[in-house]
Amino acid sequence: MRKWSVPAQIAISFVLLLLFLPLFLSQESWPTTARDILAEDAGTQTGAENIVSAIYLGYRAFDTLGETIVLLIALSGTMSVVSLLKRNSEDERTPVSLDFSLEEEKRAHHRLRTHLLEVVTGKIGPIILLFGFYVVMNGHLSPGGGFQGGAIIASGIIFFVLGNPHRREESEIQRTTLHLIESSAFLLFLLAALVPLFITGEVLANPFESKEVYIIALNTFIGLKVGAGISLMCISMIERRNV
Amino acid sequence: MTSRLLLLILFFISLHALIFNPSLMKKIFALNILNSAIVLLFITQGASLGSRAPFTTESPDQMVDPVVQALMLTAIVIGVCVTSFSLALVVHLHSRYGSFDYRHIRKELANDG
Amino acid sequence: MLIALASFALLSRDLLSGIIALGAFSLFSAVIFLLSHAPDVAITEAAVGAGLTTIIFVWAIRHTGRDDR
């Protein structure tokens, strides 16, 4: 668009604000029907005490399936664009001081680099992974669940990768392992979504007597998939060589 | 009431930056802030129902609305997906044309043919 | 407070300061979620907004440039 002058910009924004104003200023009270019904029935019908987990894994589980697919598509798209970037700029123009870890013989001479990054991240990584698994497994009882625990697991895996002094040699193995974890977790989630179709006739219905098994299984698969996917994307961004 | 007005102002600051700021990175910042502002609006409005967190061990009279929180979880995850993909595209554009300014990129595209 | 952080992030020429302001914005909104009795959303916003989004933005700055033009 052409370059508007500053008063014209502010005037246009003000007009848009006046258009949206009734939406933000309406005085109607928030409806309470959903909360009353859910507070009584959610525990016995789905087996989860956390009502938010009961909603997105029990009543509206199809939305969770769609969100997992959106995450898969966005992460694979980002990784493909990033690999295109790295193929275009193979001449390594970025300066050495931006690198995350140096080789052993350079480390003694480079004054500004210390071992701080490797020491701290290498020690903290396992603790954060443990916390992430705890959040995933207890998603139906306390605040937590699949997506939250998945983000924490992704941070833990990134810490592991950053704190590894032998990162160059092992990066192929790490990437293949994460790829396998992500794909198998997504396939298991799809399987867990489709198997109730043959047992009771509905997709994503809870087929067990004690309903908590299904919720815990779904939480675990989502957490592993999200964690492995996001950390794979971040690792492919950090590495300088292609793929 | 005042929280709604403040969030309205936040929404329109970021909408203004999204439309009129020439730099592509600032547009991505503005998308992120827009997403967070809408999530804040919904959650603070849902919290007007009560004063306890939504668990079945609490009394149903004082509980906060749980449907809203489940929807906002999805919104946050999709926001991070959109941000990461758009950042990859902007980095690609910058490495090709050398600038974040969309007018500069448009001129270069017209010259390339 | 949120409005000040957002306007600083959108108006600053140095992109690294903008990224840190965005992280602080996400942290403040996570605290507001906690005060509104929404613990699930608070955990998600803190882990995703202040952690992963900042990492991705810093990667983008590293590959292009710290300045805005």
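Draft legend 1. Here's a closer look at the overall build of chain A. Helices and strands together make up the secondary structure of chain A, namely 9 helices and 0 strands. Shown N-terminal to C-terminal, the secondary structure of chain A runs as helices and strands in the order α-α-α-α-α-α-α-α-α. Looking at chain A residue by residue over its 243 residues, the buried ones come to 32%.

Draft legend 2. Representation of the overall build of chain C. A tally of helices and strands in chain C yields 3 helices and 0 strands. Along the chain direction, N to C, the helices and strands of chain C fall in the order α-α-α. Taken along the three principal axes of its C-alpha coordinates, chain C extends 40 × 25 × 10 Å. Taking the contacts inside chain C whose residues are at least 6 apart along the sequence as the reference set, 43% of them involve residues at least 24 apart.

Draft legend 3. Structural detail: the confidence of the model for chain C. Residues and elements named next belong to chain C. Of the residues in chain C, 99% have a pLDDT of 70 or more, and the chain-wide mean is 88. For chain C, the element scoring lowest by mean pLDDT is helix H1 (residues 2-11), at 87; helix H2 (residues 15-35) scores highest, at 91. As a predicted assembly, this complex carries a pTM of 0.85 together with an ipTM value of 0.88.

Draft legend 4. Summary view of the interface of chain A and chain B. Every contact between the two is made by 39 residues of chain A and, on the other side, 33 residues of chain B. Elements with a minimum of two residues in the side of chain A that touches chain B: helix H1 (6-25), helix H2 (33-46), helix H3 (51-59) and helix H4 (61-88) of chain A. Ranked by the residues each element gives to the side of chain A that touches chain B, the list is headed by H4 of chain A, at 12 residues. When the residues that make up the side of chain A that touches chain B are grouped by side-chain class, the tally is 23 nonpolar, 9 polar and 7 charged.

Draft legend 5. Spatial organisation of helix H6 (residues 116-137) of chain A. Residue and element names in this part refer to chain A. In a regular helix each residue adds 1.5 Å, so 22 residues correspond to 32 Å; H6 covers 32 Å between its end C-alpha atoms and thus fits that length. At Gly125, H6 shows its largest bend, some 30°, and a proline, Pro126, comes one to four positions later. Of all the residues in H6, the buried ones are Gly125, Gly132, Val135 and Val136. In this structure, the buried side of H6 is in contact with helix H7 (146-162) and helix H9 (212-238).

Draft legend 6. Inspection of the environment of Ile124 of chain A at higher detail. Residue and element names in this part refer to chain A. With respect to the helices and strands, the residue Ile124 is situated in helix H6. Assessed through the 15 C-beta atoms surrounding it within 10 Å, Ile124 is described here as partly exposed. Between the alpha carbons of Ile124 and Asn206 there is a distance of 37 Å; along the sequence they are 82 residues apart.

Draft legend 7. Looking closely at the packing of H2 of chain A against H3 of chain A. Residues and elements named next belong to chain A. Their axes nearest at 10 Å, the elements H2 and H3 cross at an angle of 60°. The angle between H2 and H3 falls in the class oblique. In terms of crossing hand, the pair formed by H2 and H3 is left-handed. Contact with H2, carried on its side by Leu38, Ala42 and Thr46, involves Ile51, Ala54 and Gly58 of H3 and no other residues of that element. Grouping the amino acids of the contact of H2 with H3 by side-chain chemistry returns 4 nonpolar, 2 polar and no charged.

Draft legend 8. Layout of the interface of chain C and chain A. Across the boundary between the two partners, chain C contributes 11 residues, which contact 14 residues of chain A. Within the side of chain C that touches chain A, the residues separate by chemical class into 7 nonpolar, 2 polar and 2 charged.

Draft legend 9. Molecular detail of the confidence of the model for chain A. In this model, chain A carries a mean pLDDT of 79, and residues with pLDDT of at least 70 account for 83%. pLDDT under 50 marks residues 94-102 of chain A. Its contacts with residues more than four places away, or in other chains, come to 10 contacts.

Draft legend 10. The arrangement of the nonpolar core in detail. In terms of nonpolar packing, the biggest core is built from 101 residues, with Ala151 of chain A together with Ile43 of chain B touching the most fellow members. Ignoring sequence-local partners within four residues, the contact set of Ala151 of chain A consists of Val226 and Ile230 of chain A together with Thr44, Ala47, Val48, Gly51 and Leu52 of chain C.

Draft legend 11. How the structure looks around helix H3 (residues 39-63) of chain C. Here H3 of chain C spans 36 Å end to end across 25 residues, near enough to the 36 Å set by a 1.5 Å rise per residue. When the local axis directions of H3 of chain C are compared, the greatest deviation, roughly 25°, occurs at Thr54 of chain C.

Draft legend 12. Fine view of the packing of helix H3 (residues 66-97) of chain B against H3 of chain C. Where H3 of chain B meets H3 of chain C, the axes come as close as 10 Å, and the angle between the chain directions of the two elements is 0°. Classified by the angle between their axes, H3 of chain B and H3 of chain C sit roughly parallel to one another. Note on element contacts: H3 of chain C touches H3 of chain B through Asp40, Val41, Thr44, Glu45, Val48, Leu52, Thr53, Ile56, Phe57, Ala60 and His63 of chain C, opposite Gln69, Met72, Leu73, Ile76, Val80, Thr83, Ser84, Leu87, Val90 and Val91 of chain B. Residues of the contact of H3 of chain B with H3 of chain C, tallied by class, amount to 13 nonpolar, 6 polar and 2 charged.

Draft legend 13. The arrangement of unusual backbone geometry in detail. Residues and elements named next belong to chain C. A positive phi is found at His37, a non-glycine position, where the angle reads about 60°. Tracing the backbone through its elements, the reader meets His37 in the loop between H2 and H3. For His37, a count of 22 C-beta atoms within 10 Å translates into the label buried.

Draft legend 14. Region of the structure containing the environment of Ala60 of chain C. Looking at where Ala60 of chain C falls in the secondary structure, it is placed in helix H3. Judged by the 21 C-beta atoms lying within 10 Å of it, Ala60 of chain C falls in the buried class. Here Ala60 of chain C is in contact with Leu87, Val90 and Val91 of chain B, once residues within four sequence places are set aside.

Draft legend 15. Examining the environment of Asp40 of chain C more closely. If you trace the backbone, Asp40 of chain C turns up in helix H3. C-alpha of Asp40 of chain C to C-alpha of Asp67 of chain C: the two residues are 27 residues apart in sequence and 36 Å apart in space. Not counting the four nearest positions on each side in its chain, Asp40 of chain C is found in contact with Val52, Pro143, Gly145 and Gln148 of chain A together with Gln69 and Leu73 of chain B.

What counts and what doesn't
Residues numbered from 1 in each chain as written. Chains lettered and ligands numbered in written order. Predicted model: local features only at pLDDT ≥ 70, side-chain atom pairs only at ≥ 80, totals over all residues. Helix = DSSP H or I, 4+ residues; strand = E, 2+ residues; numbered from the N terminus. Buried ≥ 20, exposed ≤ 12 C-beta atoms within 10 Å, placed from the backbone. Contact = placed C-beta atoms within 7 Å. pLDDT = per-residue confidence, 0-100. Nonpolar A, V, L, I, M, F, W, Y, C, P; charged D, E, K, R; others polar. Expected span 1.5 Å × (residues − 1). Bend = angle between axes of the 7 residues up to and from the residue. Axes fitted to C-alpha atoms, helices over the stretch in contact; angles between N-to-C directions. Parallel < 35°, antiparallel > 145°, perpendicular 65-115°, else oblique. Left-handed = near helix turned anticlockwise from the far one by under 90°. Core = buried A, V, L, I, M, F, W, Y, C linked by C-beta atoms within 7 Å.

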